[in-house]
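# Residue-level structure breakdown
The lines below spell out each chain.
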Amino acid sequence: MASYIIHGGQRLEGEHTVQGAKNSALPILAATVAARGECVLHGCPDLSDVRATLAILEHLGCAVKREGGAIIVDSSRLRGCEIPGCLMKEMRSSIVFLGPLLSAMGCANLTAPGGCDIGERPIDMHLEAMRALGVRVVEEGGRLRCDVREGMKGARCSLYFPSVGATENLMIAASTARGITVLTNAAREPEIADLAAFLNACGAKIHGAGEGTLVIEGVEQLHGAEHTVIPDRITAVTFLLAAAVTGGEILLRGARPAHMDAMLSVLEQAGCRLRRLEGDMLALRMYGRPRRLPTVRTMPYPGFPTDAQAAFMALAAVADGTSIITETIFENRFRHVSQLRRMGAFIRVEGRVAVVEGRRHLHGAEVDACDLRAGAALVVAGLAAQGETRVRGIRHVDRGCERFEEDLRLLGARISREEDDLGQPEEAN
Ligand code: EPZ
């Protein structure tokens, strides 16, 4: 099991260029299946989840290559619409191939992605949205068999929760459905608008992305396009937090502060000095110890993102005062709490509410990363802690953080990576 070894207490200082957004790159790569021709994607981060997506594209018959910093996908020779379980299980979010395959092939045979560390993660809204477009969905034995003989037809559809993945699947499928599709209570995350921008570059007619209601005029066929993925707002704030917990300072290049408002507001109320510089630069400086956080409650965008909850808990763990963090999106996203406690954090959990009494110091310990964001949070805590912290199971972190330890080292962190080939691969979540 691969591990990070961190010697905490080093003040981080320097510049960091934000990677491309994992949660934008993954659906856009899947959507290339629906675009007949060659797509050139810039800014896709080099992550295990991206490599898992490329493996699925190649399995489906797409030609995939990397040239310079771009990923080039040609889906002209798409064959079949079946994704085997071994590829589906590599990455839970491969359900986002459902819409693209239905658009391109009129069928999709996938393994229903199981639950994961952070929750049961059903796909009922995805399937209801496809049925609304006229897709026949058969679920049996953990497999999904979907087909639509006469082609998909536009429809009115409403989500009972603004699901990111369900919005993505419907947006891609409806792009080539006959007629108009209206989706209400759609997810509003920046990654949704980025996917819509890519699809519109491919010839789709999607209006209202980033707002609560999407209107999609179906077109005959999507063509290839060139697109640059937006910056990753979650890894961006993770680096801000790494500087904050070490009383350091950092200049982020290539950030998109407008996507980070809810998180930046919490950082400022915790005592961080933030400066939004021209273009896409963001500077943070932390003097002394963080103040307790204002009440944090994870919500769909533009609310506070659930993906940042764990890393902000690491900040709360060393803050002066008591912070209250409520997780409303996933039912099991506090698994980093027990690991932070091993480092001396004082956290009480009642249901979905964590009460964090800040400590002046955490101490190093052996801890386990049980999912991507929990793992990144434990690294942030290890940077603040006194002594040595070993974070095990960091293949989870590899799923979402590109060059993580290298970039932290460039900022002055004492962090190294230890591979243990005997380790068991961690399952995707
Ligand atoms: C996306 O997951 C992100 N993943 C997640 O990031 C992120 O936490 C999540 O959106 C919320 O912002 C990618 O984009 C690849 P949802 P997704 O559908 O689409 C329930 C990370 O660490 N739900 O918005 O799966 C679901 O169980 C990952 O980068 C249903 O009940 O999230 C959850 O409680 C983790 N039925 C809530 O809705 C459904 O059909 C939000 O899920 C679909 C979802």
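Above this text is the structure in question.
Overview of the structure. A quick note: this is a predicted structure, and the numbers were derived from the prediction, not measured.

### With respect to the site of the ligand
Taken together, 22 residues form the shell around the ligand, and within it Asp 124, Met 125, Ser 163, Asp 307 and Ile 329 come nearest. At 3.0 Å, a side-chain N or O of Arg 121 approaches an oxygen atom of the ligand. Backbone polar atom of Val 164 to an oxygen atom of the ligand: 2.8 Å apart, as the coordinates give it. Burial of the ligand by the surrounding chains reaches 87%, relative to a free accessible area of 820 Å². Sorting elements by how many residues they give to the shell around the ligand places helix H5 (residues 124-132) first, with three residues. Of the residues in the shell around the ligand, the class split is 10 nonpolar, six polar and six charged.

### Observations concerning the side chain of Asp 49
Take Asp 49: it is sitting in helix H2 (residues 48-59). The contacts of Asp 49, once residues within four sequence positions are left out, are Lys 22, Leu 26, Glu 90, Met 91 and Arg 399.

### Side note on the sheet that holds strand S23 (residues 366-368)
Pairing in this open sheet of four strands is mixed, and the strands run S23-S24-S1-S25 from one edge to the other. Looking at strand neighbours, the two that pair on one side only are S23 and strand S25 (414-418), the edges of this open sheet. This sheet shows a mean twist of 20° between the axes of neighbouring strands, independent of strand direction. When strand S1 (residues 3-7) meets strand S24 (residues 388-392), the two strands line up antiparallel, connected through five bridges. Bridging across to S24, Ile 6 finds its partner in Thr 389.

### Quick word on the packing of H5 against helix H6 (residues 164-174)
Contact geometry of H5 with H6 gives a least axis separation of 8 Å together with a crossing angle of 20°. The angle between H5 and H6 falls in the class roughly parallel. Judged by the sense of rotation from one axis to the other, the crossing of H5 with H6 is right-handed. Taken together, the residues of H6 that come into contact with H5 (itself represented by Met 125, His 126, Ala 129 and Met 130) are Gly 165, Ala 166, Asn 169, Leu 170 and Ala 173. For the contact of H5 with H6, a count of residues per class yields six nonpolar, three polar and no charged.

### Notes on the packing of helix H4 (residues 98-105) against H6
One way to put it is that H4 packs onto H6 with a least axis distance of 7 Å and a crossing angle of 10°. The orientation of H4 relative to H6 falls into the category roughly parallel. Between H4 and H6, the contacting residues are Leu 98, Gly 99, Pro 100 and Ser 103 on the first element and Asn 169, Ile 172 and Ala 173 on the second.

### Some points on the pattern of salt bridges
Between side chains of opposite charge, a pair can form when the charged atoms approach closely. Per the stated rule, a full pass over the model turns up 31 salt bridges. Between Glu 13 and Arg 11 there is a salt bridge; the shortest N-O distance is 2.6 Å. Note on Glu 13: relative accessible area 43%, which makes it partly exposed. What makes Arg 11 partly exposed here is its relative accessible area of 35%. One salt bridge in this structure joins Arg 417 and Asp 398, with 2.5 Å as the shortest N-O distance. One end of the pair, Arg 417, is in strand S25; the other, Asp 398, is in helix H13 (residues 395-398), and 19 residues separate them in sequence. The exposure class assigned to Asp 398 is buried, which follows from its relative accessible area of 17%.

Parameters at a glance
- Note on numbering: residues in each chain are counted from 1, in written sequence order.
- Given that the model is predicted, a residue must reach a pLDDT of at least 70 before its local features are reported, and side-chain atom pairs must reach 80 or more before they are shown or counted; all residues, however, enter totals for whole chains, interfaces and linings.
- To get the side-chain values, all heavy atoms of the structure are used, and hydrogens and water are removed first.
- Here a residue is near a molecule or strand as soon as one of its heavy atoms is found within 4 Å of it.
- Polar contact is the term for a pair of N or O atoms within 3.5 Å; when the atoms are in protein, one must be able to donate a hydrogen and the other to accept it, and sequence-neighboring residues count only if both atoms are side-chain atoms.
- Each accessible area value is a Shrake-Rupley result obtained with a 1.4 Å probe; residue values ignore everything except the protein chains displayed when judging cover.
- Helix and strand definitions follow DSSP, with helices as H or I runs of at least four residues and strands as E runs of at least two, each counted in order from the N terminus.
- Note that Gly is not counted as nonpolar here; it falls among the polar residues with everything else outside the nonpolar set of Ala, Val, Leu, Ile, Met, Phe, Trp, Tyr, Cys and Pro and the charged set of Asp, Glu, Lys and Arg.
- Whether two residues are in contact is decided by their heavy atoms, any of which lying within 4.5 Å being enough.
- Only when DSSP finds a minimum of two bridges between them are two strands counted as paired.
- Interaxial angles span 0 to 180 degrees and are taken between N-to-C directions of axes, which are lines fitted to C-alpha atoms, for helices over the stretch in contact.
- Each angle gets one of four labels, with under 35 degrees taken as roughly parallel, over 145 as roughly antiparallel, 65 to 115 as roughly perpendicular, and the rest as oblique.
- Should the near helix be turned anticlockwise from the far one by less than a right angle, the crossing is left-handed, and should it be turned clockwise, the crossing is right-handed.
- For this analysis, a salt bridge means a side-chain nitrogen from Lys or Arg found within 4 Å of a carboxyl oxygen belonging to Asp or Glu.
- Throughout, exposure labels follow a simple rule: accessible area from a 1.4 Å probe, protein chains only, divided by the maximum for the residue type, with under 20% read as buried, over 50% as exposed, and the rest as partly exposed.

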